[in-house]
Amino acid sequence: MLNGLLVAANSVISLSYFIIAFLIWIPFLQGQQKSSLVLATILVFFSCALGHGGHVWMFASSQHSPFLLKFQVGVDLLTACIAITYIALRRYFSFLVDAPLILNQTQEKLEVANAELKDLNTKLESLVLQRTLELSNANKDLAAKAEERKQMIAALNRSNAFLKAQQEAGVDGILVVDENKQVVFYNKIFYQIWQIPEELVKQEGNNRKILELAIAQSVHEEEFINKVNYLYQNREITSRDEILLKDGRSLDRYTTPIYSSEGTYYGRIWFFRDITERKTIEEELSQSKEFLQLLIDIIPLAIVWKDCDSVCLGCNQKFAAIAGLNTPDEVIGKTDYDFAWTKEEADFLRAWDARVIKSNQPLLHMITSQRQASGKQVWLDICKLPLRNKDGKVIGLLAVSEDITERKADSDALLASQNLLKQKAMQLEATLQELQQTQAHLIQSEKMLALGQLVAGVAHEINNPVNFIYGNLQHVSDYIQDLMNLLQAYTQEHSNPSEALLAQMKDIDYEYLIDDVPKLLSSMKLGAERIREIVLSLRTFSRLDEAAMKAVNVHDGIDATLVILQSRLKTTTGVNIQVHKHYGNLPDVECYPGQLNQVFMNVLCNAIDALETEANLANPVIEIQTEIKEQNHVVIKITDNGPGIPQSVQQNIFNPFFTTKPVGKGTGLGLSISYQIIVSKHKGNFNFTSTRGRTQFWIEIPLFQNPS
């Protein structure tokens, strides 16, 4: 048991020495207690720990070797020696061992301190240099600011000089009073206006004294002093009024408080201006204005003047009355939309205003209808004139309006009368034109009637002998044929005629006579038939027995006309005019046959005349085409390839007595009467188209004139 206690005690002691040695060794390694004494202390504790550890190992071992025992005794002795030496020499250990070490450490610290001191010195020199530079810059800035301040003082003095000169040169008397009611500034105009001696102002310099002198000159002294006291008590008020002096002068007084930008009250400034002359001028202007207003009120016209925005600046009593206002002053500031007229009328008037102002030109005598304040709609004659300043710039306009309702009514009545007279004149002209056309038609009709009667009479007179001749030609032919047959039979029976008979046969050329007589009879028959055809065509064309409307074949009328014109179907150069007929399948047309044939004659004659004038035309052609249109109209187209109708002639071609032919060659009635016959008599259409090398007339009439 004792052995166990020893082992435990030595174990605890050995462990304690080891812990103490490690606790001292760790700071030593970190350099915190790095000295020879500390190192010796660590070695002593480690040796003690090892000694006691050896005892623990020896006590714990079951066999005690003599060598181990001796070794343990040696260790203990060594530990004891080390401990005694450490205790004996501990006082001198630091001096003998630590002094060089401390000296080295001190030298190292001194070197570090010297380096830090050198670095600090360098920084100090840099800082001093920087401070010196900053001080130099500050001195320069200070000098610049001093110069700037000097310039500012000079500018301020200059400004004060200008301000003082301006105050002295102005027309206003100026008085400046500080917050203590002491005079701090005044100009010469001030004491000249108030007639205060300058010496008195300089001596006193007191607002109260100056105030007393001013009050003494005012007509309304009590009102004057009350107003001044009120303004001093109410510092923030700005005031302007007029003062009437006992000597008859009028002063314009204006005062305002003086505040700094921070709102500090520094006093009050007073401005005084002698407005006696201006008041006199204003009074004269007022009288002139009243006189001018009286003049324009007397004028019976409505007058108003406006600015460039069409805002009214004034008017006369006439305009005020029609606008629904009591006095002319009420018109100021109003526009046309504020008056009695409608919005459309106001828009119209404003548009006129803008036009006058923009163009800088007057608009005169514009007639318009406008509603009045009474509700009456009247007619006005309005003139708008631009108003210009001395530089010629438009600054407004003047509008003058006159009520022309009665005049307009008279004018309308006169215009209506003129229109009625004009209509009657037009009716008379139309009647005259119709009369001329009727006259021309009658002339042509009488002419055609006389011609028709002549043609009919000639045809009738020719027809009888022609019929007689034509009727007997067949009998004569039969008789001669019988006689020839008899002569032939006689010749055959008497083959040997006498010499006298042969001589007579030779004298009469018997064989030629026998051969030519049938041919002669045939030619006479053909001539008689041609005469009969011409007579029939004349009768067909004249239609004296067909003056009433009746249904006829229009192709017969065209053919009859062509037969009559057969002798003209050859130009002056000897070229035959070709007639190409393209007839359609037409029913009988209800018409006036004689008049319709007259139309065909006129159109065909004009076509032939046109082709005769074209000398270089190698192949003159007239085309006649008929067709049915819309099952109830017949169309006859007559076309030629002549030179055409000039544009200048086309618009007059249907006018009566208009002709391009020389005197004696035409009357100018043919196409005019043809137009009347087709359009008026037959309710059709008669027109033409013409270009170079092609002229076409087309005649269109209904199949039936009476639909019933």
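Residues numbered from 1 in each chain as written. Predicted model: local features only at pLDDT ≥ 70, side-chain atom pairs only at ≥ 80, totals over all residues. Heavy atoms only, no water.

## Comments concerning the sheet that holds strand 2 (residues 183–186)
Ordered in space as 2-1-5-4-3, the five strands form an open sheet in which the pairing is antiparallel. Edge positions in the sheet fall to strand 2 and strand 3 (239–244), since each has one partner strand and no second. For this sheet, the mean inter-axis angle between neighbouring strands, taken without regard to orientation, is 20 degrees. Of the pairings in the sheet, the one linking strand 1 (residues 173–178) to strand 5 (residues 265–274) comprises six bridges and is antiparallel in character. (Pairing = 2+ DSSP bridges. Helix = DSSP H or I, 4+ residues; strand = E, 2+ residues; numbered from the N terminus. Axes fitted to C-alpha atoms, helices over the stretch in contact; angles between N-to-C directions.)

## Re unusual backbone geometry
Its identity is not glycine, yet E630 carries a phi of approximately 55 degrees, on the positive side. Summarising the element assignment, E630 is placed in the loop between strand 14 (621–629) and strand 15 (633–640). The exposed category is assigned to E630, whose relative accessible area is 61%. Backbone geometry at K683 places phi at a positive 55 degrees, although glycine is not the residue there. (Buried < 20%, exposed > 50% of the residue type's maximum accessible area, 1.4 Å probe, protein only.)

## Details of the packing of aromatic side chains
The geometry of an aromatic ring pair comes down to the distance between the two centres and the angle between the two planes. Counted under the stated rule, the structure contains 13 aromatic pairs. One aromatic cluster in this structure is built from F190, W194, F224, Y232, W270 and F272. Here the basic side chain of R253 rests over the ring of F224, its NZ or CZ set 4.8 Å away from the ring centre. (Phe/Tyr/Trp six-rings, centres within 6.5 Å; stacked < 30°, edge-to-face > 60°. Lys NZ or Arg CZ within 6 Å of the ring centre and 35° of its normal.)

## What to know about helix 7 (residues 221–233)
Look at helix 7: 18 Å from first C-alpha to last across 13 residues, which is about the 18 Å you get at 1.5 Å a residue. Among the residues of helix 7, F224, I225, V228, L231 and Y232 are the ones counted as buried. The arc that holds every buried residue of helix 7, seen down its axis, measures 130 degrees, which confines them to one face. Seen from the open side of helix 7, the exposed residues pointing more than 90 degrees away from its buried face are E222, E223 and Q233. (Expected span 1.5 Å × (residues − 1). Arc of directions from axis to C-beta.)

## Some details on the side chain of H555
Topologically, H555 is positioned in helix 14 (residues 554–564). A distance of 3.0 Å separates polar atoms of two side chains, one belonging to H555 and the other to T626. Excluding residues within four positions of it along the chain, H555 makes contact with Y583, G584, L586 and T626. (Polar contact = N/O pair within 3.5 Å; in protein donor to acceptor, adjacent residues only side chain to side chain. Contact = heavy atoms within 4.5 Å.)

## Let's talk about the pairing of strand 4 (residues 250–259)
Most of strand 4 is tucked away: seven of the ten residues are buried. Note: strand 3 against strand 4, six bridges, orientation antiparallel. Bridge assignment links E242 to a residue of strand 4, and that residue is D252. Here strand 3 folds back onto strand 4 in antiparallel fashion, the turn holding five residues, of which G248 has a positive phi close to 95 degrees. With nine bridges joining them, strand 4 and strand 5 adopt antiparallel strand pairing. Of the residues in strand 5, the one forming a bridge with T256 is I269.

## Points about the environment of I564
You can see I564 is positioned in helix 14. When the C-alpha atoms of I564 and M601 are compared, they prove to be 9.1 Å apart, with 37 residues separating the residues in sequence.

## Regarding the confidence of the model for the protein chain
Averaged over the protein chain, the pLDDT score is 78; the fraction of residues at 70 or greater is 77%. Ranking the helices and strands of the protein chain by mean pLDDT puts strand 15 first, with 94, and helix 5 (residues 198–204) last, with 60. Between residues 93–97, whose pLDDT stays under 50, and residues either more than four places distant or in other chains, the model counts seven contacts. (pLDDT = per-residue confidence, 0-100.)

## A word on a nonpolar patch on the surface
Taken together, F291, L292, L294, L295 and I298 make up a surface patch of nonpolar side chains, about 520 Å² in accessible area. Secondary-structure assignment places F291 in helix 8 (residues 276–298). (Patch = residues over 30% accessible without salt bridge, like charges linked within 9 Å, V, L, I, M, F, W, Y side chains within 5 Å. Areas by Shrake-Rupley, 256 points an atom, 1.4 Å probe, with all protein chains shown as cover. Salt bridge = Lys/Arg side-chain N within 4 Å of Asp/Glu carboxyl O.)

## Here we look at the sheet that holds strand 12 (residues 578–582)
Strand order across the open sheet formed by five strands is 12-14-15-17-16, with mixed pairing between neighbours. Both outer strands of the open sheet, strand 12 and strand 16 (685–691), are each paired with one neighbouring strand and no more. Averaged over neighbouring strand pairs, the angle between their axes works out to 15 degrees when direction is ignored. Sheet analysis places strand 14 next to strand 15, joined by eight bridges and oriented antiparallel. The residue bridging I624 from the neighbouring strand is I638, located in strand 15. Contacts between helix 14 and the sheet are confined to strand 12, strand 14 and strand 15, with strand 14 contributing the most and set at about 170 degrees to the helix.

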